[in-house]
Amino acid sequence: MADNKRKRKSALIPMILAVVAVVLIVQAIFMAGDVLFGSLDKESVTITIGENPDSHSVAQTLKENNVIKYPWLFELMSNIKGADGKYYSDEFEIHKGSGYNLLINGLTYADRYRTTDITIPEGSTLKEITNIVAETGYITAEDFTAALNESYDYDFLQGIDRENPLEGYLFPDTYNISNQMSGSDIVKLMLDRFEQIFTDEYRAAAQEAGYSMDEIVTLASIIEAEAGSDADRPLVSSVFHNRLDSTTYPYLESCATVQYILGERKPILSNSDIQIDSPYNTYINEGLPIGPICSPGKASIEAALYPADTDYYFFQSDADGKIYYSETYDEHEQIMSEIQP
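Predicted model, so just to flag it, every value in this text is computed and none were measured. (Residues numbered from 1 in each chain as written. Predicted model: local features only at pLDDT ≥ 70, side-chain atom pairs only at ≥ 80, totals over all residues. Heavy atoms only, no water.)

K.L.:
I would appreciate a short explanation of the UniProt feature "site: Important for catalytic activity" (unreviewed entry) in the protein chain in the present structure.
P.N.:
Listed under "site: Important for catalytic activity" (unreviewed entry) in the UniProt record, and renumbered for this structure, are Glu 226. Within the secondary structure, Glu 226 sits in helix H9 (residues 213-226). For Glu 226, the residues in contact, after removing those within four places along its chain, are Val 236, Phe 240, Ser 254, Cys 255, Ala 256, Phe 315 and Ile 323. Engagement of the side chain of Glu 226 in a polar contact is seen with the backbone nitrogen of Cys 255, the distance being 3.2 Å. (UniProt positions renumbered as here; feature names shortened; annotations may be inferred. Helix = DSSP H or I, 4+ residues; strand = E, 2+ residues; numbered from the N terminus. Contact = heavy atoms within 4.5 Å. Polar contact = N/O pair within 3.5 Å; in protein donor to acceptor, adjacent residues only side chain to side chain.)

K.L.:
I keep staring at the pairing of strand E6 (residues 323-326) and nothing clicks. Help me out?
P.N.:
Side-chain direction in a regular strand flips from residue to residue, so the side chains alternate between the two faces of the sheet. Two elements, strand E5 (residues 314-317) and E6, share 4 bridges in a ladder whose sense is antiparallel. Each bridged residue has a counterpart across the sheet, and for Phe 315 the counterpart in E6 is Tyr 325. With antiparallel pairing between neighbouring strands as the criterion, E5 and E6 make up a hairpin whose turn holds 5 residues, including Gly 321 at a positive phi of roughly 90 degrees. (Pairing = 2+ DSSP bridges.)

K.L.:
I tried to follow a negative patch on the surface on my own but got confused; where do I start?
P.N.:
A surface patch of like charges, here negative, comprises Asp 309, Asp 311, Glu 327, Asp 330, Glu 331 and Glu 333. The residue Asp 309 is located in the loop between helix H12 (298-305) and E5 in this model. (Patch = residues over 30% accessible without salt bridge, like charges linked within 9 Å, V, L, I, M, F, W, Y side chains within 5 Å. Areas by Shrake-Rupley, 256 points an atom, 1.4 Å probe, with all protein chains shown as cover. Salt bridge = Lys/Arg side-chain N within 4 Å of Asp/Glu carboxyl O. Lys, Arg positive; Asp, Glu negative; His and termini not counted. Charge placed at Lys NZ, Arg CZ, Asp CG, Glu CD.)

K.L.:
What is the right way to look at the layout of surface pockets in this model?
P.N.:
Left-over empty space is what a probe sized like a water molecule reveals as it rolls over the atoms. Of the volumes computed, that of the second largest pocket is approximately 180 Å³. Lining the second largest pocket are Arg 162, Glu 163, Asn 164, Tyr 260, Ile 261, Gly 263, Ser 278, Tyr 280 and Ile 290. Among the residues making up the lining of the second largest pocket, the classes are represented as 4 nonpolar, 3 polar and 2 charged. (1 Å grid on protein atoms, 1.4 Å probe; cavity = no way out; pocket = protein on both sides within 12 Å on 5 of 7 lines; lining within 4 Å. Points joined across faces, edges and corners; volume = space filled by probe spheres on them. Nonpolar A, V, L, I, M, F, W, Y, C, P; charged D, E, K, R; others polar.)

Below you can see the structure in the form of structure tokens.
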């Protein structure tokens, strides 16, 4: 009888091992299915990844939303792939059939495709545009600056040989950019927009007036920086055009050009400021500066091409930004004495 018991025990061991093996195989199949396809039983679900996410918290969120069954396995795979610390805090729409690899790639900061709108205000300098682009977090200021120093094949840039050759040509507008775009991709987007805006009609008008496109963009940038409204732009333009044609007042004497050199918009320039030795200083150099000082908008470009017909040679703005125009220096001095504190 004892022998029979030993025989029955001996027979049970292989059966138990077989059952265990089957259970493990079934479990492995379920786990493999979860890894490959997830466990979401509906078409999609929106989840929210909280602040400062790591592999553990993301795995728990996915489990709570029935996206996966095995958070420990997801966490292990996430850590093996080096995704810990790279998850992006945001709302995500997860679709049925999303496996671990797809989830990890889709939820990490580096791999997720994202877009945002950036607005470049009229009158922005390259430095200011660089800061706006860098604030998206899609590209560093250093990388975008490097892109600004690359060569671009546009006819309106041909022959421009100066520091910051793109100054004035990144057209101010609203652009949709993605985290997959390089600095040069973003630059081309803005240059393409400039090319659309500066039409053949504008080119012909510049040629008829005796100016190159670069000279018109340069003048437009100064108008942009000096004029506070669309109504003032043609009038400010007339002052500069009159001076460009004058032997009596051959200096534009634009404060905006000196502010560009200084890198700040000082409300009042000192005598030493207006004596700075620079090709952008229109107080000591006759005519237009060496290049644009900012990105002008369409209204300023049109003002540069089509100035008002006046005999003004001077303008001065008060503390509220209202601009006063005069034909003679005596009139100009009188206005200044009345509006300046």
